[in-house]
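# Fold and geometry: a report
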Amino acid sequence: MVSNNEELVIENLDKTYYLRERRINALERINLQVKTGEFINIIGPSGCGKSTLLRCIAGFEKPTNGRVKLRSNEIKGPGIDRMMVFQDFEQLFPWYTVLGNIVFALKVTKMIATAKERKEIAKHYLKMVGLAGFEDLYPHQLSGGMKQRVAIARALSVQPRILLMDEPFGSLDAMTRSTLQEELIRIWKETKVTIIFVTHNIEEAIILGDQIIVFEANPGRVKEVIKNTLSRPRSPEANDFSQIWERIHKLLGFKNRERVLEERNLIRLFQEERELSLLPHL
Amino acid sequence: MKVTKLKKKSMNKTLNQGLFIVGVMILWELVARAQWFPVLLFPSLSSVFVNLLTELVNGEIGGRLLFSLYLIGAGLGLAVVTAAVTATSALISPIISDWVQALMAVLHPLPGIAVLPIIILWLGTGPQSIIAVIWFSSIWPLITNLHTGLRSVPATQMEAGRNLGLKGIALIRFILLPGAFPYILTGLRVAWARAWQASVAAEMVFGASGGEGGLGWFIYKKRFFMEIPSVFGGMIVIILVGLLVERLCFEWVEVRTIRRWGMTSE
């Protein structure tokens, strides 16, 4: 099943945590292939390890077993061939302007030699995300949606092979969210970048993805891979849209009572652990 | 419209405060001239200023001020370097972090001047002892703020930096330091104030035996000869330097950095 246009291959990936002597299988036996230029969506309940998988691809975390390969090279750590866009609005550097954030990215990655060129390229990407004219503002002067646009521009400016998006629109209001979804599709077509997009919003997954990978939690596993061949632009009103919606909903909805309780317990443990780990710094 | 209103309000505040200071000064002058207290102990403000002017002209106070600034510069400079090294090591190793926190908890409550007697025994009564006391007084606010500041940088910003290939020193220089800057500035402010206090206090303890000295020694010496207007003059110079450094250095930096970046709590 080896073909030339395989961008990313995930082989038998496990990720195990230990939380107060409790073993947690965040991810179990994940196998995935992503083709060059594809738009992949990962959807699942909270705690299903979808963000962890993205962080393994980004190289922020190491898999317990198995490997992630980018164009047949095993991923060992973070790199600019895989750029992450986070949900958190704080991902921009507040001490740089909008333009400065992108110029900085181009500078430290030594992508572009001259300051003039860096500025031009930064402006090009700002224009792409619809922020021409906002170059000299500082992040704190931007709305949430604009911050996410800058983050996308900054990530794209270093020309990654894959754009990793961890619920980037999760903290936005519905209107801004749907505008940004449309624009992301336009940008994706323009740059031909491969996108792996994590969400817990079914509608978002159907609007965006070519492939929707449905995860289940506890242990985090791939439940089903759904091919999404709806023609773009996709409207939630369409009949076939709601068919896919129902299908995903059903896949996500199957949870017995025991699982729900187990999950709640885990979330509580996580929170306690967080509070504990904060203590020494206070 | 809202901005002008706010400006007007702050103008009123500045005016109000200015008038208050002027009022206190006039009151001082009047009370001194009424001679309710011995003139020797409570000189008029005008005589203080006349004296100050003479000492400014003959260079006495300028020399003392420069000497004080040199001591503070040296002590504070050493403290900044020590704090940077300590906080960075604490960042890299959790074990060192624990040690630093223990040290902070134990030594922070100890006023710098309290270590002077032992420092005199170890280092003698020269400028080096004063520098040591300044160092000890200013290092704790620096370490505390740096330590907290470096940990306050959001994890996502760190990861955004790592994603761009930054690690180690580069990550500290490009992401952690600017991210911690609000805390660093606060630390420097407190440290500067502590350094002044320490230098003035330390000089008064062995001022009589040291040949050279700064403003603290100046005040002490003038009191020894009962030149009280000069004692007040020395105090006024300390106040003015404090105000100038706050306005010209710290505020200047603040407006151009953390306020512009929106990193203040206001």
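Scope of this entry: the structure provided in the associated data block. On a predicted model such as this, the values are computed, not experimentally measured, just so you know. (Residues numbered from 1 in each chain as written. Chains lettered and ligands numbered in written order. Predicted model: local features only at pLDDT ≥ 70, side-chain atom pairs only at ≥ 80, totals over all residues.)

Backbone hydrogen bonds are what pair the strands of a sheet, in a parallel or an antiparallel way. All names here are of chain A. Ordered in space as β6-β7-β8-β3-β9-β10, the six strands form an open sheet in which the pairing is mixed. The open sheet is flanked by β6 (82–85) and β10 (221–227), the only strands paired with a single partner. Neighbour-to-neighbour, the strand axes of the sheet open up by a mean angle of 20 degrees, direction not taken into account. Packing against the sheet, helix α7 (residues 239–253) makes contact with β3 (39–43), β9 (211–216) and β10, and its axis sits at approximately 175 degrees to β10. (Pairing = 2+ DSSP bridges. Helix = DSSP H or I, 4+ residues; strand = E, 2+ residues; numbered from the N terminus. Axes fitted to C-alpha atoms, helices over the stretch in contact; angles between N-to-C directions. Contact = placed C-beta atoms within 7 Å.)

Here we take up the packing of helix α9 (residues 181–206) of chain B against helix α10 (residues 215–224) of chain B. For any two helices packed against each other, one specifies the crossing angle of their axes together with the interaxial distance. Residues and elements named next belong to chain B. Axis separation between α9 and α10 bottoms out at 7 Å; the angle between their running directions is 45 degrees. It follows that α9 is oblique to α10 by the angle criterion. Along this stretch, α9 crosses α10, giving a crossing that reads as right-handed. For the pair formed by α9 and α10, the contact residues are Ser199, Val200, Ala201, Ala202, Glu203 and Met204 on the first element and Leu215, Gly216, Trp217 and Tyr220 on the second. Classifying every residue of the contact of α9 with α10 gives seven nonpolar, two polar and one charged. (Parallel < 35°, antiparallel > 145°, perpendicular 65-115°, else oblique. Left-handed = near helix turned anticlockwise from the far one by under 90°. Nonpolar A, V, L, I, M, F, W, Y, C, P; charged D, E, K, R; others polar.)

Let us now look at the sheet that holds strand β5 (residues 73–74) of chain A. Taken together, four strands build an open sheet; the order of strands is β2-β1-β4-β5 (chain A) and the sheet is antiparallel. Two strands bound the open sheet, and with one partner strand each, they are β2 (22–35) and β5 of chain A.

Listed by partner, the interface residues are 20 residues for chain A and 17 residues for chain B. Sorting the residues of the side of chain A that touches chain B by element identifies β6 and α2 (98–108) of chain A as the ones contributing at least two each. The class makeup of the residues in the side of chain A that touches chain B is 13 nonpolar, five polar and two charged.

Turning our attention to the pairing of strand β4 (residues 65–70) of chain A. Residues and elements named next belong to chain A. Of the strand pairs in this sheet, strand β1 (residues 6–19) and β4 are connected by five bridges, and their pairing is antiparallel. Among the inter-strand pairings, Val9 is bridged to a residue of β4, identified as Lys69. One ladder, built from two bridges, connects β4 with β5; its direction is antiparallel. In the strand pairing of β5, Lys69 is matched with Glu74. Turn length for the β4-β5 hairpin, with the two strands adjacent in sequence and antiparallel, is two residues, and the turn residue Arg71 shows positive phi of about 45 degrees.

This brings us to helix α7 (residues 155–163) of chain B. Where α7(B) is concerned, the buried positions are B:Gln157, B:Ala160, B:Gly161 and B:Asn163. All buried residues of α7(B) fall inside an arc of 160 degrees around its axis, so they share one side. Those residues of α7(B) that are buried lie in contact with α1 (50–58) and β6 of chain A together with α8 (168–179) of chain B. Where α7(B) terminates, the next one or two residues include B:Gly165, which has phi positive at roughly 90 degrees. (Buried ≥ 20, exposed ≤ 12 C-beta atoms within 10 Å, placed from the backbone. Arc of directions from axis to C-beta.)

Residues and elements named next belong to chain A. Tracing the chain through its elements places Ser51 in helix α1. The spatial distance from the C-alpha of Ser51 to the C-alpha of Ile75 is 17 Å, given a sequence separation of 24 residues. Setting aside its immediate chain neighbours within four residues, Ser51 contacts Asp166 and Val198.

Another aspect to go through is helix α11 (residues 228–256) of chain B. Every α-helix winds through 3.6 residues per turn, so residues three or four apart in the chain are directed the same way. Residue and element names in this part refer to chain B. Between its first and last C-alpha atoms α11 spans 41 Å; for 29 residues at 1.5 Å apiece the expected length is 42 Å, and the two agree. The sharpest bend along α11 comes to roughly 30 degrees, located at Glu246. Those residues of α11 that are buried lie in contact with α2 (45–57), α3 (60–92), α9 and α10. (Expected span 1.5 Å × (residues − 1). Bend = angle between axes of the 7 residues up to and from the residue.)

The subject of this paragraph is the packing of α3(B) against helix α4 (residues 94–107) of chain B. Residue and element names in this part refer to chain B. In contact at an axis separation of 5 Å, α3 and α4 are set at 130 degrees when each is read in the N-to-C sense. Taken as axis vectors, α3 and α4 run oblique relative to one another. Where α3 crosses over α4, the two elements pack in a sense that is left-handed. Contacts between α3 and α4 involve Thr86, Ser89 and Ala90 from the former and Ile96, Ser97 and Val100 from the latter. When its residues are assigned to classes, the contact of α3 with α4 shows three nonpolar, three polar and no charged.

Here the focus is the environment of A:Leu70. All names here are of chain A. Tracing the chain through its elements places Leu70 in strand β4. Spatially, the C-alpha atoms of Leu70 and Glu135 are 33 Å apart, while their sequence positions differ by 65 residues. Excluding residues that lie within four positions of it along the chain, Leu70 makes contacts with Leu8, Ile75, Asp81, Arg82 and Arg161.

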